[in-house]
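Observations on chain architecture
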Amino acid sequence: MRFEISYRGQQAGWVIAQPDAHGILFRAESRVHTMAVLRLYGIAAGQPLLIGVLEPENGRLSLARRITPDVLRRAGVQQPPEVYYLEDGQPGCKPEQEETAAAEQPPEPNLSAQADAEAEAASQPPEPNLSAQADAEAGAASQPPEPNLFAQADAETEAASQPPAPNPSAQADLPPQCLQTGDALLDALIAAGKAECTKKGEMLLIRTPFLPGQQNPMHFALTACHLEDGNAVLPYKPAAR
């Protein structure tokens, strides 16, 4: 089964979910251009299911991972998700749930009552609804424009040579002299002392101890890590701000 992947309200790729006796095999590709770490999620039973981290390959981002029946059972997943999205560690990535949108739909009109009302008012000239027009204009003015991923990619490329500006709000929450990545999940591990962040050229190296048989604090990005001196090391280049 093939499904579309969304990223911040726009179509961003595809994923194929193949269930079998060994679980579900997911294969995904995306053409999004960003320096952020992108994780693929599926929404199952109303809850997000982490599938894995997309990695660059031949100019695209791709992922191939099998989730075992035991993991699916613990997550309460019985069928492959039908909604998929990319998450970059910042707010605004998760799509709105279909049931929420359906709850906001107005009830179907009563056609019989509507026909009687139209017949009664046929001889009267229509009056403009100034209140509804003002509400519609105010609502339209308050809606933010949809993000343009291609313009965003051009802006990130143009700003890549500029050093990232410090984030005063995030700096207040982190220990002194602690580098920041700009990714909410990674920065939370660094702030909690569960990961160490060092700088090498333009790259940041995030390290966590790797102990076989034990869950790693950086499990959500292990597919992009390599092992070095008993540590899982994630090379990370912060996005230009």
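Right, let's get into the pattern of salt bridges. Per the stated rule, a full pass over the model turns up 9 salt bridges. Salt-bridge contacts for Asp-20 lead to Arg-66; the nearest nitrogen and oxygen are separated by 2.8 Å. With a gap of 46 residues between them, Asp-20 in strand 2 (residues 10-20) and Arg-66 in strand 7 (residues 60-67) connect regions that are remote in the sequence. The exposure class of Arg-66 is partly exposed, given its relative accessible area of 35%. Between Arg-73 and Asp-70 there is a salt bridge whose closest N-O contact spans 2.9 Å. You can see Arg-73 and its partner Asp-70 sitting in helix 1 (residues 69-74), 3 residues apart, about one turn around the helix. Taking relative accessible area as the criterion, Arg-73 reaches 57% and is therefore assigned exposed. The structure contains a network of salt bridges with shared partners spanning Arg-39, Glu-87 and Asp-183.

For Glu-4, the position within the fold is in strand 1 (residues 2-7). With 12 residues separating them along the chain, Glu-4 and Ile-16 place their C-alpha atoms 8.9 Å apart. Contact partners of Glu-4, with chain neighbours within four places excluded, come to Gln-11, Gly-13, Trp-14 and Tyr-84.

Right, let's talk about unusual backbone geometry for a bit. Despite not being glycine, Asn-58 has its phi angle at roughly 55°, a positive value. For Asn-58, the position within the fold is in the loop between strand 6 (55-57) and strand 7. Note on Asn-58: relative accessible area 70%, which makes it exposed.

Here we come to the sheet that holds strand 6. Strand-to-strand pairing in sheets goes through backbone hydrogen bonds, with the strands running parallel or antiparallel. Spatial ordering of the open sheet is given by 5-4-8-1-2-3-7-6, a layout of 8 strands whose pairing is mixed. The two strands at the open ends of the sheet, each matched to only one other strand, are strand 5 (47-53) and strand 6. Geometrically, the sheet is characterised by an average inter-axis angle of 30° between neighbouring strands, direction not taken into account.

Below, the discussion takes up the sheet that holds strand 11 (residues 226-228). Strands sit in the order 9-10-12-11 across an open sheet of 4 strands; the sheet is antiparallel. Both outer strands of the open sheet, strand 9 (196-200) and strand 11, are each paired with one neighbouring strand and no more. Sheet twist, expressed as the mean angle between neighbouring strand axes with direction ignored, is 35°. With 6 bridges joining them, strand 10 (residues 203-209) and strand 12 (residues 231-236) adopt antiparallel strand pairing. Residue pairing for strand 12: Ile-206 is matched across the bridge by Leu-234.

So, about the nonpolar core. Within the largest apolar cluster, 24 residues are counted, with the highest numbers of intra-cluster contacts made by Val-15, Phe-26, Leu-40, Tyr-84 and Leu-86. Those elements that place two or more of their residues in this core are strand 1, strand 2, strand 3 (23-30), strand 4 (39-44), strand 5, strand 7 and strand 8 (83-87). The contact partners of Leu-40, leaving out residues within four places of it in the chain, are Ile-5, Val-15, Ala-28, Leu-49, Leu-50, Ile-51, Gly-52, Leu-54, Leu-63, Tyr-84, Tyr-85 and Leu-86. Counting residues in hydrophobic clusters, the runner-up holds 16 residues, among them Leu-186, Ile-206, Met-218 and Leu-234.

The next subject is the pairing of strand 10. Where burial is concerned, most of strand 10 is hidden: 5 out of the 7 residues are buried. By the bridge criterion, 5 bridges tie strand 9 to strand 10 in an arrangement that is antiparallel. Its bridge partner being in strand 10, Lys-200 is matched across the sheet by Met-203. From the end of strand 9 to the start of strand 10, which pair antiparallel, there are 2 residues, and Gly-201 there has a positive phi angle of about 65°.

This part takes up the packing of aromatic side chains. Describing an aromatic ring pair means giving the distance of the ring centres and the angle of the ring planes. Under the definition given, this model contains 3 aromatic pairs. On the numbers, 5.4 Å between centres and 35° between planes, the contact of Phe-3 with Tyr-84 is tilted. Taken together, the residues Phe-3 in strand 1 and Tyr-84 in strand 8 connect sequence positions 81 residues apart. The interplanar angle of 65° and the centroid separation of 6.4 Å between the aromatic rings of Phe-26 and Tyr-84 together place this pair among those described as edge-to-face. Of this pair, Phe-26 sits in strand 3 while Tyr-84 sits in strand 8, and the two are 58 residues apart along the sequence. Three or more aromatic residues joined by ring pairs make a cluster, and in this case those are Phe-3, Phe-26 and Tyr-84.

What counts as what
Residues numbered from 1 in each chain as written. Predicted model: local features only at pLDDT ≥ 70, side-chain atom pairs only at ≥ 80, totals over all residues. Heavy atoms only, no water. Salt bridge = Lys/Arg side-chain N within 4 Å of Asp/Glu carboxyl O. Helix = DSSP H or I, 4+ residues; strand = E, 2+ residues; numbered from the N terminus. Buried < 20%, exposed > 50% of the residue type's maximum accessible area, 1.4 Å probe, protein only. Contact = heavy atoms within 4.5 Å. Pairing = 2+ DSSP bridges. Axes fitted to C-alpha atoms, helices over the stretch in contact; angles between N-to-C directions. Core = buried A, V, L, I, M, F, W, Y, C linked by side-chain atoms within 4.5 Å. Phe/Tyr/Trp six-rings, centres within 6.5 Å; stacked < 30°, edge-to-face > 60°.

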